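Letter by letter, the chains look like this.
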Amino acid sequence: MAVAGCTKCIKYMLFFFNFIFWLAGGVVLAVALWLRHDSQTSNLLILQFEGNQAPGTFYISVYILIAVGAVMMFVGFLGCYGAIQESQCLLGTFFFFLVVLFACEVAAGIWGFMNRDTISKELINFYDSAYIKAVDVSGSPSKDAAIKVLEVFHSTLDCCGKGDDSPLFTQISSSLCPKKSVEDLMKSRDCHVKLIELFSEKLYLIGLAALVVAVIMIFEMIFTMVLCCGIRNSPVY
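Within every chain, residues take consecutive numbers counted from 1 along the sequence as written. Restriction of local features to residues with pLDDT of at least 70 applies here, the model being predicted, together with a cutoff of 80 or more for giving and counting side-chain atom pairs; totals for whole chains, interfaces and linings are based on all residues. Computation of side-chain values covers all heavy atoms of the structure but excludes hydrogens and water.

## Some thoughts on the overall build of the protein chain
And then number 1: The helix and strand inventory of the protein chain stands at nine helices and two strands.
And then number 2: Helical segments are the DSSP runs of H or I of at least four residues, strand segments are the runs of E of at least two, and each set is numbered from the N terminus. Each helix (α) and strand (β) of the protein chain, taken in turn from the N terminus, gives the series α-α-β-β-α-α-α-α-α-α-α.
And then number 3: Of all intrachain contacts in the protein chain linking residues separated by at least 6 positions in sequence, the fraction that spans at least 24 positions is 77%.
And then number 4: Methods summary: accessible areas were calculated by the Shrake-Rupley approach with a probe of 1.4 Å, and residue burial reflects only the protein chains presented. For the protein chain, the accessible surface area stands at approximately 13,000 Å², while carbon and sulfur atoms represent 68% of it. Any two residues having at least one pair of non-hydrogen atoms within 4.5 Å are treated as being in contact.

Written out as structure tokens, the structure reads:
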């Protein structure tokens with residue numbers, strides 16, 4: 001059994017899109033691994049204060065991306081092989097995986113849009129809790145630990161304070177932001193803004209990758225259905 005004419009063209013177009021899909025899976029996997037080991041996020045998310053770990057919601061989305069990238073590479077290979085072999089069974093399996101992946105991507109996109117500010121807000125709250133302890137004049141037992149947490153935030157994000165800093169924080173800012181002169185401290189951006197920018201950029205990158213993959217999957221589903229119909233209707237020699 002062999003397809004001919006326009007169906008044969010669809011076959012090679014499907015193979016091409018599957019190859020692109022396989023490459024996209026590799027890119028998603030590489031980006032996810034980069035996000036997981038990026039120095040800025042890693043330095044912040046490994047912090048501990050008063051027995052509490054820094055919020056790890058961001059890592060959950062990264063681990064999901066790693067799994068999606070690996071599955072995309074497998075599904076892309078399955079689609080390439082099914083298209084070349086003109087196997088309805090393989091193409092049907094490939095189509096099923098595509099539908100599942102597409103549904104998961106839409107669900108993840110809706111969840112991500114609804115919780116797009118959660119990651120930065122959690123880290124801002126974590127920063128503020130350490131900030132309060134660091135400027136505590138009563139000398140709480142966790143003050144030294146709080147100062148170390150703030151130093152990591154300030155050095156990693158190149159920021160100082162939270163924008164509406166108290167006079168007490170201004171007095172001790174030279175020790176919390178040791179790399180900055182007095183002039184630099186006046187010009188430096190607050191850490192709340194830097195945290196929002198940090199994760200907004202990374203979420204934008206994830207969203208752009210998801211949009212490209214979704215467009216490719218839509219074309220693949222259309223070509224797969226057309227090719228399956230062509231194989232079913234092609235003459236047997």
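## Some thoughts on helix α4 (residues 88–114)
And then number 1: Multiplying 1.5 Å by the helix residue count minus one yields the expected span of that helix. Under the 1.5 Å per step criterion, the end-to-end length of α4 is 39 Å for 27 residues, consistent within 8% with the ideal 39 Å.
And then number 2: Among all positions of α4, only Leu91, Phe94, Leu98 and Leu101 are buried.
And then number 3: For α4, the elements touching its buried residues are α1 (6–37), α3 (57–85) and α9 (191–233). Think of it in three bands: residues with accessible area under 20% of the maximum for their type are buried, residues over 50% are exposed, and the middle band is partly exposed, with areas taken using a 1.4 Å probe on protein chains only.

## Some words on the layout of surface pockets
And then number 1: Buriedness for pockets is judged along seven lines, at least five of which must meet protein on both sides within 12 Å for an open set on the 1 Å grid over protein atoms alone, while cavities are sets there where a 1.4 Å probe fits but cannot get out, and lining residues have an atom within 4 Å of a point. Grid points are joined across faces, edges and corners, and a volume is the space filled by probe spheres set on the points. Each pocket or cavity is described by its volume, and for the largest pocket that value is around 820 Å³.
And then number 2: Taken together, 29 residues form the lining of the largest pocket, with Glu105, Ala108, Gly109, Ile206 and Ala210 sitting closest to its centre.
And then number 3: Elements represented by at least two residues in the lining of the largest pocket include exactly α3, α4, α5 (118–134) and α9.
And then number 4: Considering only residue class, the lining of the largest pocket consists of 20 nonpolar, seven polar and two charged. When residue character is reported, Ala, Val, Leu, Ile, Met, Phe, Trp, Tyr, Cys and Pro are called nonpolar, Asp, Glu, Lys and Arg charged, and the others, Gly included, polar.

## Section: the state of the cysteines
And then number 1: The term disulfide is used for any two cysteine sulfur atoms that are within 2.5 Å. Following the criterion strictly, the structure yields one disulfide and no others.
And then number 2: There is a disulfide in this structure between Cys159 and Cys191, and the S-S distance comes to 2.0 Å. Between Cys159 and Cys191, the S-S dihedral sits near 95 degrees, and the bridge is therefore right-handed. With Cys159 in the loop between α6 (143–157) and α7 (167–176) and Cys191 in helix α9, this residue pair connects regions lying 32 residues apart in the sequence.
And then number 3: For Cys228, which is in no disulfide, the shortest distance to another cysteine sulfur is to Cys229 and amounts to 7.0 Å.
And then number 4: Among the residues examined, Cys228 registers a relative accessible area of 13% and is labelled buried.

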